[in-house]
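These are the residues of each chain, in order.
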There are 2 protein chains.
Amino acid sequence: MNDHDTPDSLLKLDLQVCFALYSTNLAMTKVYRRLLRELGLTYPQYLVMMVLWEEDGQTVSEIGERLFLDSATLTPLLKRLEGMGLLSRRRAADDERRVRVRLTEQGRELRIRAEAIPEAVACASQCQPEELMALKDQLHALRRKLNG
Amino acid sequence: MNDHDTPDSLLKLDLQVCFALYSTNLAMTKVYRRLLRELGLTYPQYLVMMVLWEEDGQTVSEIGERLFLDSATLTPLLKRLEGMGLLSRRRAADDERRVRVRLTEQGRELRIRAEAIPEAVACASQCQPEELMALKDQLHALRRKLNG
DNA sequence: TGCTATTAAATAGCGCGCGATTTAATATCG
DNA sequence: CGATATTAAATCGCGCGCTATTTAATAGCA
C-alpha cells in the first residue's frame, strides 16, 4: 500500500485547507457579484472603496498594504474607478513619486448604498455572526503565519 | 453618531469574513506559487491534476463540478496542460458533446513530485494539522451554505 | 421522421493578480 | 555638487474566473 492511492493521501482535494479556502472564496465572490452589480463595482473595487471610506487620501502603496495588493493590480483598477467618477488620482506635491487617491463626492455618496451589503452577505451565508467572526479570526491568524 | 463613521460599522475591512477569506487565499496562493514553480504548474492547474490523479478520464464538466469551475475557465487551462504533455483531450465516442480528459504517462509521473507539496504547505502555515482540518471543515460548511 | 429543446464544450471579452521590467523622483554618500 | 541607490508607480504579458454567446451533438416528442 503506497501513498499514491491510499484513501488518506494528502493529495486528496477534499483534505486540503487550501482548496477549501479557494473554493469558498469563489463562492463568496459569486454572492458579492450579485450584490455589487447594482453599485457597478467588482469585489476588488469594493475593497478599495472601503479602504478609502475608512480613510480618504491614501497613496497607492498604503491602499496596497491594506489589501495585500501591489501597484500592478491597483493602478489599472484605480483608473477604472477614476473613470467612473468615484475618485481622483494626483501626484503628491511633497513627493511626486506618490499618488494620492481621493474620493469624489460621488464616491463618498456611494457609501450609503454600500452600507446594506455586509448584512446581505451575512444573510446569504446563513451563519450566526459569532461563527463568522470566529472564522474571520482564524483566517487572519493563518494569513499572518503564511505572510510572515 | 451615524453609521458612516462609527468604529463598529460593518463596512470596516477587518470586520469582514469575506476579506479574511480573500486575503488569506491570496497569501496561500503565494505560498503555492513558489512550490509549484518547480513543477511548472499554477495552482488551478495543480487542482485539475489532483482531480485527475484521484480519478483519470473524467469529462470537462465532471472536473468542473469538482472544482466549482466551468468550461470557460477549464477549456483554456486544459489546453495548456495538454500543450505541456501532461494530458490528452478527446471527444467521447458515445457522446461527442463530451470531452474526456486523460493523463499521459508524464502526467501520472508528475504525481510523485507533487506528493511533497501538501506537507510543505502545512509546514509554511505553521499550524497544527488539527487546526487546519477544523478550519477546512468550517470553510466547507460555509461554502455549502453560500452555494446552496 | 423531423422539429424543437437541452446539453457540453468552446469562444470572446473583461477585470483581476502577479512576476518582471521601466520610468521618474527622492535619498544617500563621496 | 554629482553619481549611484532606493523608492513609488506604471507598464507589459500571462493565466485565471466569469458573463454572455456560439457551435455542435443528443434528447424528447408530435
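Quick notes on the rules
- Residues numbered from 1 in each chain as written.
- Chains lettered and ligands numbered in written order.
- Predicted model: local features only at pLDDT ≥ 70, side-chain atom pairs only at ≥ 80, totals over all residues.
- Heavy atoms only, no water.
- Helix = DSSP H or I, 4+ residues; strand = E, 2+ residues; numbered from the N terminus.
- Rg over C-alpha atoms; globule rule 2.2 N^0.38 Å.
- Buried < 20%, exposed > 50% of the residue type's maximum accessible area, 1.4 Å probe, protein only.
- Contact = heavy atoms within 4.5 Å.
- Areas by Shrake-Rupley, 256 points an atom, 1.4 Å probe, with all protein chains shown as cover.
- Lys, Arg positive; Asp, Glu negative; His and termini not counted.
- Charge placed at Lys NZ, Arg CZ, Asp CG, Glu CD.
- pLDDT = per-residue confidence, 0-100.
- Polar contact = N/O pair within 3.5 Å; in protein donor to acceptor, adjacent residues only side chain to side chain.
- Near = heavy atom within 4 Å.
- Nonpolar A, V, L, I, M, F, W, Y, C, P; charged D, E, K, R; others polar.
- Patch = residues over 30% accessible without salt bridge, like charges linked within 9 Å, V, L, I, M, F, W, Y side chains within 5 Å.
- Salt bridge = Lys/Arg side-chain N within 4 Å of Asp/Glu carboxyl O.

Peer 1: Quick question: what am I supposed to make of the overall build of chain A here?
Peer 2: Assigned secondary structure in chain A consists of seven helices and two strands. Helices and strands in chain A line up, N terminus first, as α-α-α-α-β-β-α-α-α. Its C-alpha radius of gyration of 19 Å places chain A more than 25% over the 15 Å reference for a compact globule of 148 residues. Taken over the C-alpha atoms alone, chain A extends approximately 65 × 35 × 25 Å along its principal axes. Burial analysis of chain A (148 residues in total) assigns 47% to the buried set. At a minimum sequence separation of 6, the contacts of chain A that also span at least 24 residues come to 49%. Carbon and sulfur atoms provide 50% of the accessible area of chain A, an area that totals close to 7,800 Å². Distance from the positive charge centre (22 side chains) to the negative charge centre (22 side chains) of chain A: 5 Å.

Peer 1: How should the confidence of the model for chain A be read in this particular structure?
Peer 2: For residues with low pLDDT, the predicted coordinates do not support detailed interpretation. Within chain A, residue pLDDT values average 93, and 95% of them lie at 70 or more. The low-confidence segment residues 1-7 of chain A (pLDDT under 50) makes eleven contacts with residues lying over four places distant or belonging to another chain.

Peer 1: What am I meant to see in the side chain of Ser125(A) here?
Peer 2: Position of Ser125(A) among the secondary structure elements: in helix α6 (residues 117-125). At a separation of 2.7 Å, a polar atom in the side chain of Ser125(A) contacts the main-chain carbonyl oxygen of Ala122(A). Excluding anything up to four places from it in sequence, Ser125(A) contacts Leu132(A), Leu142(B), Lys145(B) and Leu146(B).

Peer 1: How should the protein's contact with DNA strand D be read in this particular structure?
Peer 2: Near DNA strand D there are 30 residues, and of these Tyr22(A), Lys30(A), Ser61(A), Thr75(A) and Arg80(B) occur at the shortest range. Sugar plus phosphate: this is where 78% of the atoms of DNA strand D within 4 Å of the protein reside. Within the contact set of DNA strand D, a phosphate oxygen lies 3.0 Å away from a backbone nitrogen or oxygen of Val99(A). A distance of 2.7 Å is found between a phosphate oxygen of DNA strand D and a side-chain nitrogen or oxygen belonging to Thr42(B). Each residue belonging to the surface near DNA strand D can be placed in one class, and the counts come to ten nonpolar, seven polar and 13 charged.

Peer 1: In this structure, what is going on with a positive patch on the surface? I would like to understand it.
Peer 2: Residue and element names in this part refer to chain A. On the surface, Lys30, Arg33, Arg34 and Arg37 cluster together to form a positively charged patch. One can find arginine 34 in helix α1 (residues 17-37). Given the relative accessible area of 61%, arginine 34 is considered exposed.

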